[in-house]
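Observations on the model geometry
In case you want the letters, here they are:
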Amino acid sequence: MSSENSSTEQRYVYVGYQGKENPTERERVLHLLDTYSTTEGFVAQYLPKWIEVSPSETVQGGLRTVQGREALHARLMKKSLVELKGDSKATIPEIRREKEVPFFASPDHSDVEKLKVLSDLFGDGEAFLSPVREVADSLQDDLLTAEMLRTILDNEMESITWVQEMHRVMSAEQTAPG
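Cut-offs and rules
- Per chain, the residues get numbers from 1 upward, laid out in the order the sequence is written.
- With the structure being a predicted model, the display of local features is reserved for residues of pLDDT at least 70 and the display and counting of side-chain atom pairs for 80 or more, all residues being used for whole-chain, interface and lining totals.
- To get the side-chain values, take all heavy atoms of the structure and skip hydrogens and water.
- Each nonpolar core is a collection of buried residues, namely Ala, Val, Leu, Ile, Met, Phe, Trp, Tyr and Cys, held together in the definition by side-chain atoms within 4.5 Å.
- Only protein chains enter the accessibility calculation, which uses a 1.4 Å probe. A residue is then buried if its area is under 20% of the maximum for its type, exposed if over 50%, and partly exposed in between.
- The numbering of helices and of strands both runs from the N terminus, where a helix is a DSSP run of H or I of at least 4 residues and a strand a run of E of at least 2.
- Between two residues, a contact is recorded if the distance between any of their heavy atoms is within 4.5 Å.
- An expected span of 1.5 Å times one less than the residue number is assigned to each helix.
- Here the arc refers to the set of directions running from the helix axis out to each C-beta atom.
- Salt bridges, as used here, are contacts in which a Lys or Arg side-chain nitrogen is within 4 Å of a carboxyl oxygen on Asp or Glu.
- Between N-to-C directions, angles span 0 to 180 degrees; the directions come from axes that are lines fitted to C-alpha atoms, helices contributing only their stretch in contact.
- Relative orientations are named as follows: roughly parallel for angles under 35 degrees, roughly antiparallel for angles over 145 degrees, roughly perpendicular for angles from 65 to 115 degrees, and oblique for any other angle.
- Throughout this entry, Asp, Glu, Lys and Arg are counted as charged residues, while Ala, Val, Leu, Ile, Met, Phe, Trp, Tyr, Cys and Pro are counted as nonpolar. The remaining residues, Gly among them, count as polar.
- Cavities and pockets were defined on a 1 Å grid built from protein atoms only: a cavity is a group of points that admits a 1.4 Å probe but offers it no way out, a pocket is an open group of points flanked by protein on both sides within 12 Å along at least five of seven lines, and a lining residue is one with an atom within 4 Å of any such point.
- Grid points are joined across faces, edges and corners, and a volume is the space filled by probe spheres set on the points.
- Two joining distances apply to patches: 9 Å for like charges and 5 Å for nonpolar side chains (Val, Leu, Ile, Met, Phe, Trp, Tyr), and every residue must have over 30% relative accessible area and no salt bridge.
- The Shrake-Rupley method, run with a 1.4 Å probe sphere, supplies the accessible areas, and residue values consider only the shown protein chains as cover.
- Charge counting follows a simple rule: Lys and Arg are positive, Asp and Glu are negative, and His as well as the terminal groups are ignored.
- Charge coordinates come from a single atom per side chain, which is NZ of Lys, CZ of Arg, CG of Asp or CD of Glu.

**Description of the nonpolar core**
Proteins that are soluble and globular tend to have nonpolar side chains buried together. Membership of the largest hydrophobic core comes to 43 residues, with the highest contact counts inside it found for Tyr36, Trp50, Leu129, Val132 and Trp162. Counting only elements with at least two residues in this core, the list comes to helix 1 (25-53), helix 2 (57-83), helix 3 (94-105), helix 4 (111-122), helix 5 (125-138) and helix 6 (143-175). When near neighbours in sequence (up to four residues on either side) are disregarded, Val132 contacts Val13, Tyr14, Leu32, Tyr36, Leu149 and Leu153.

**Concerning helix 3**
For helix 3, spanning 12 residues, the distance from its first C-alpha to its last is 16 Å, which sits close to the expected 16 Å at 1.5 Å a residue. All buried positions along helix 3 are accounted for by Glu100, Phe103 and Phe104. Looking down the long axis of helix 3, one finds its buried residues gathered within 90° of arc, a one-sided arrangement. Those residues of helix 3 hidden inside the fold are in contact with helix 1 and helix 4.

**Some points on the pattern of salt bridges**
Taken as a whole and assessed by the stated rule, the structure comprises eight salt bridges. A salt bridge links Lys78 to Asp34, with the shortest nitrogen-to-oxygen separation between them at 3.9 Å. Of this pair, Lys78 sits in helix 2 while Asp34 sits in helix 1, placing them 44 residues apart in sequence. What makes Lys78 partly exposed here is its relative accessible area of 28%. Counted as one network, the salt bridges with shared partners bring together Asp137, Glu147 and Arg150.

**Topic: the packing of helix 1 against helix 3**
Helix 3 packs onto helix 1 with a crossing angle of 30° between their chain directions and a minimal axis gap of 7 Å. In terms of their interaxial angle, helix 1 and helix 3 are classed as roughly parallel. Contacts between helix 1 and helix 3 involve Thr39, Phe42, Gln45, Tyr46, Lys49, Trp50 and Val53 on the former and, on the latter, Arg96, Arg97, Glu100, Val101, Phe104 and Ala105. The residue makeup of the contact of helix 1 with helix 3, split by class, is seven nonpolar, two polar and four charged.

**A look at the layout of surface pockets**
Roughly 210 Å³ of internal volume is contained in the second largest pocket. Lining the second largest pocket, in full, are Tyr17, Gln18, Glu27, Leu30, His31, Asp34, Lys85, Gly86, Asp87, Lys89 and Ala90. Partitioning the lining of the second largest pocket into residue classes produces three nonpolar, three polar and five charged.

**As for a negative patch on the surface**
Taken together, the side chains of Asp124, Glu126, Asp154 and Glu158 present a region of like negative charge at the surface. With respect to the element layout, Asp124 can be found in the loop between helix 4 and helix 5. Residue Asp124 is classed as partly exposed on the basis of its relative accessible area, which comes to 43%.

Take it as geometry only, folks, not as evidence of what the structure does.
Written as structure tokens, this is what we have:
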């Protein structure tokens, strides 16, 4: 996960509904809950490996909070998926697992490198999260899911802000004269 290969193109947390044409609100909700909860669960699984190898108590403390949020989001969305009688089909591609887990678990990559990868991935945090906000704002029948998603997005912005600010601070400390 070399940061030199990072693109300046805005990335998104959710690429949108993929399935039949003209999906119902329920189909869109089930797809979002399935794919987004799977991603959140994956991140919640690899962050403890980073926490273990981070030499910085500051980074460890922040990552514990971020990891807790990710795990909570995954549980909440999976619970909603079950309540709505949806199927959990989404998976994290093996190539992504093989790339990200070793990178974030490695003591050979600095916290600054790892924070940069995430900071670059998020780009504009509001834009990164906008596809989920658009779904939440469009829901007319499933108000429970709409509000749950909005509060998850609030948490996500807190995590993105922490990652980007920690990257800025630690990068400045690295380049500060001795």
